[in-house]
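The residues making up each chain are set out below.
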Amino acid sequence: MNDAKGSAASHRGLTVGIIACAVVAVIGVALWMVQLSGGMIQTGMRNLDSWGFYITLFMFFVGLSAGGLIISSIPNAFGMKGFGDISRVAIWTSICCTCVAIGFVVVDLGGPLRLWELFVYSNLSSPLMWDIIVLSTYLILSIVYLWAYRREDAGRMSHTAIRVISIIALVVAVGVHTVTAWIFSLSAAHEFWHTALMGPWFVASALDCGTALVLIVVIALQKAGRLTIERSSMVNLAKMLAVFTCVDLYFFACDLLTSGFPGGEGANVVAMLVTGPLAPFFWTQIACMVLACVILFVPRLRTKGGVVLASALVIAGVFCKRCEILVGGFQIPNIEFADVANRMTITNWESGMSLFGYQGLVYWPTPLEFGVALGVVALGGFLLLLGLRYLPLHLKEKAA
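1. Describing the environment of A292
Alright, step 1. Along the chain, A292 falls in helix α10 (residues 279-297).
Alright, step 2. On the basis of relative accessible area, A292 is assigned to the buried category, the value being 0%.
Alright, step 3. In this structure, the C-alpha to C-alpha distance between A292 and A312, residues 20 residues apart in sequence, is 8.5 Å.
Alright, step 4. Every residue in contact with A292, bar those within four places of it in the chain, is listed here: A310, L313 and V314.

2. Concerning the nonpolar core
Alright, step 1. F61, F104, F184 and L273 are the most contacted members of the largest nonpolar core, which totals 110 residues.
Alright, step 2. Setting aside its immediate chain neighbours within four residues, F184 contacts W51, I55, M59, W193, M198, F202 and L326.

3. Thoughts on a nonpolar patch on the surface
Alright, step 1. Nonpolar side chains collect at one region of the surface, where V290, L291, V294 and L301 lie side by side and expose about 300 Å² of accessible area between them.
Alright, step 2. Mapping L291 onto the fold places it in helix α10.
Alright, step 3. You can call L291 partly exposed: its relative accessible area is 43%.

4. Considering the environment of G110
Alright, step 1. Checked against the element boundaries, G110 lands in the loop between α3 (85-108) and α4 (116-120).
Alright, step 2. Spatially, the C-alpha atoms of G110 and Q35 are 8.5 Å apart, while their sequence positions differ by 75 residues.
Alright, step 3. Among all residues touching G110, those that are not within four sequence positions of it are L36 and M40.

5. Regarding the packing of aromatic side chains
Alright, step 1. As enumerated under the stated definition, the model contains 18 aromatic pairs in all.
Alright, step 2. Each ring, one from F60 and one from F61, has its centre 5.5 Å from the other, and the planes form 80°; the classification is edge-to-face.
Alright, step 3. Judged by its relative accessible area of 7%, F60 is buried.
Alright, step 4. Ring geometry for F60 against F319: centres 5.5 Å apart, planes inclined by 80°, an arrangement best described as edge-to-face. Residue F60 is located in helix α2 (residues 53-77), and its partner F319 is located in helix α11 (residues 304-331); the two are separated by 259 residues in the primary sequence.
Alright, step 5. Among the residues examined, F319 registers a relative accessible area of 24% and is labelled partly exposed.

6. Regarding the pattern of salt bridges
Working definition: two side chains of opposite charge can pair if their charged atoms are close together.
Alright, step 1. Under the criterion given, the structure shown has one salt bridge.
Alright, step 2. Notably, a salt bridge pairs K321 with D248, separated by 2.5 Å at the nearest N-O pair. With K321 in helix α11 and D248 in helix α8 (residues 231-260), this residue pair connects regions lying 73 residues apart in the sequence.
Alright, step 3. On the accessibility criterion, K321 (1% relative accessible area) is buried.

7. Some details on the packing of α10 against α11
Packed helices, taken two at a time, are described by their axes: the angle between them and the distance between them.
Alright, step 1. At a minimum axis distance of 8 Å, the contact between α10 and α11 shows a crossing angle of 155°. The angle between α10 and α11 places the two elements in the roughly antiparallel class. Seen from above, α10 lies across α11 with left-handed handedness.
Alright, step 2. Of the residues assigned to the contact of α10 with α11, the class counts are 17 nonpolar, four polar and two charged.

8. Looking at the packing of α2 against helix α6 (residues 159-185)
Alright, step 1. For the pair α2 and α6, interaxial distance at closest approach is 8 Å and the crossing angle is 155°. Put simply, α2 runs roughly antiparallel to α6. In terms of crossing hand, the pair formed by α2 and α6 is left-handed.
Alright, step 2. When its residues are assigned to classes, the contact of α2 with α6 shows 17 nonpolar, seven polar and one charged.

9. Considering helix α5 (residues 127-153)
Alright, step 1. With 27 residues, α5 ought to run about 39 Å at 1.5 Å a step, and its terminal C-alpha atoms sit 38 Å apart, in line with that.
Alright, step 2. Within the sequence span of α5, burial applies to P127, M129, D131, L135, Y138, L139, L141, S142, Y145, L146, A148 and Y149.
Alright, step 3. The elements touched by buried residues of α5 are α2, α3, α4 and α6.
Alright, step 4. In the stretch just after α5, G155 is the one whose phi turns positive, near 75°.

10. Details of the state of the cysteines
Alright, step 1. According to the stated counting rule, one finds zero disulfides in the structure shown.
Alright, step 2. The thiol of C320 is unpaired, and the distance to the nearest cysteine sulfur, on C288, comes to 6.1 Å.
Alright, step 3. Overall, the relative accessible area of 9% leaves C320 in the buried class.
Alright, step 4. Free cysteine: C323, not disulfide-bonded; nearest cysteine sulfur from C320 at 6.1 Å.
Alright, step 5. We classify C323 as buried; its relative accessible area is 9%.

Thresholds applied
- Numbers given to residues run from 1 along each chain, matching the order in which its sequence is written.
- Only residues with pLDDT of at least 70 get local features here, since the model is predicted, and only at 80 or more are side-chain atom pairs given and counted; chain-wide, interface and lining totals rely on the full set of residues.
- Side-chain metrics in this entry use all non-hydrogen atoms of the structure; hydrogen atoms and water are not considered.
- Helix numbers and strand numbers start at the N terminus; a helix is a DSSP run of H or I with at least 4 residues, a strand a run of E with at least 2.
- Any residue under 20% of the maximum accessible area for its type is buried, any over 50% is exposed, and the rest in between are partly exposed; the area is computed with a 1.4 Å probe on protein chains only.
- Contacts are assigned to residue pairs with any non-hydrogen atoms lying within 4.5 Å of each other.
- The nonpolar core is taken to be a set of buried Ala, Val, Leu, Ile, Met, Phe, Trp, Tyr and Cys residues, with the residues joined through side-chain atoms within 4.5 Å.
- Patch definition: residues with relative accessible area over 30% and no salt bridge; like charges joined within 9 Å; nonpolar side chains (Val, Leu, Ile, Met, Phe, Trp, Tyr) joined within 5 Å.
- Residue exposure ignores everything except the shown protein chains as possible cover, and the areas themselves are Shrake-Rupley values with a 1.4 Å probe.
- Salt bridges are identified by distance alone: a Lys or Arg side-chain nitrogen within 4 Å of an Asp or Glu carboxyl oxygen.
- For Phe, Tyr and Trp, where Trp contributes only its six-membered ring, two rings pair if their centres lie within 6.5 Å, and the inter-plane angle classes them as stacked under 30 degrees, edge-to-face over 60, or tilted in between.
- Where helices are involved, their axes are fitted lines through C-alpha atoms of the stretch in contact, as for all axes, and angles between N-to-C directions lie from 0 to 180°.
- An angle counts as roughly parallel when it lies under 35 degrees, as roughly antiparallel when it exceeds 145, as roughly perpendicular when it falls between 65 and 115, and as oblique in every other case.
- Crossings are classed by handedness, with left-handed meaning an anticlockwise turn of the near helix from the far one by less than a right angle and right-handed meaning a clockwise turn.
- Amino acid classes used here: Ala, Val, Leu, Ile, Met, Phe, Trp, Tyr, Cys and Pro are nonpolar; Asp, Glu, Lys and Arg are charged; the rest, including Gly, are polar.
- A helix is expected to span 1.5 Å multiplied by its residue count minus one.
- By disulfide we mean two sulfur atoms from cysteines, separated by a distance within 2.5 Å.

Written as structure tokens, this is what we have:
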């Protein structure tokens, strides 16, 4: 009786969540129409900082999606014991996050109706085109991977076939985040981006924030009575999250040490992060990720609530890092200023900002951007909850 009541309550909760996300998504679409009608001048982006909040979130959700697929692929690819139903949930979260990432690319375009030209007049030497190819492949492969799992559950697909798909998915998942990193690191005109460690940064961040999202979702499903998982699986995932987070911090530290060592050419980048306009993001990132590691490494703190808190801290830390990378790249250009200083080229020019004496952030999103972004995220939440509500993503496992 109690199980039936709990199941009914969880169904109602998912239904309410689906409706709420749908409403917010519709509002976001309406705001996007306002953006299209008035032009991109309504955003905080300008010629000198042509990427903003939308591309920051694009990077962030690509990481969330890649991490989820990597977690589900590694055990099968290397013949290890898997995470059972967690893998299916991870694949679905990966699909939803990929859709959100693509959505942010679409809303970042000033003329989305001309998107077809990108494929008709493709420049295959551009990292942007590489990213479009691998991201499309990645989404299709994720859907095929989930379908293959369902076929295996029905006894219509061999485990060998699942393993082959897992190996391909693992390679593509790493590739999609590496190529996304190359969009930035191959741009020599921006000091903060021009580093060979950008690819490892992105992959490491994908692993920790993707694992964190999967942990939050599966613990929430278990709390709602919709999924029973072994405690050992949760503990192993938590330990993996701790290791991934440490590796992420290690790569970041290596790059900053090389840049900021006495005489290093990137000392201005380190100063911008540590004491400059991006310091709030940098120190929030470090605090969140270090605290998360403490929680995950100490067994007494590694409760379900502690794991959820640590996962949320990791996701917040990675988001701050994405903000640092995006804004920081435009903050310190490697090229001479070659444009007229006016309201079309510089954010907040109306306030009388002096370009060469400005010490604040070169970019900050407008309320319109926040509203459109919330709508895109709500669309992803709608897809996620819809799948958890109606798709056969899991089979009951034995409780620990």
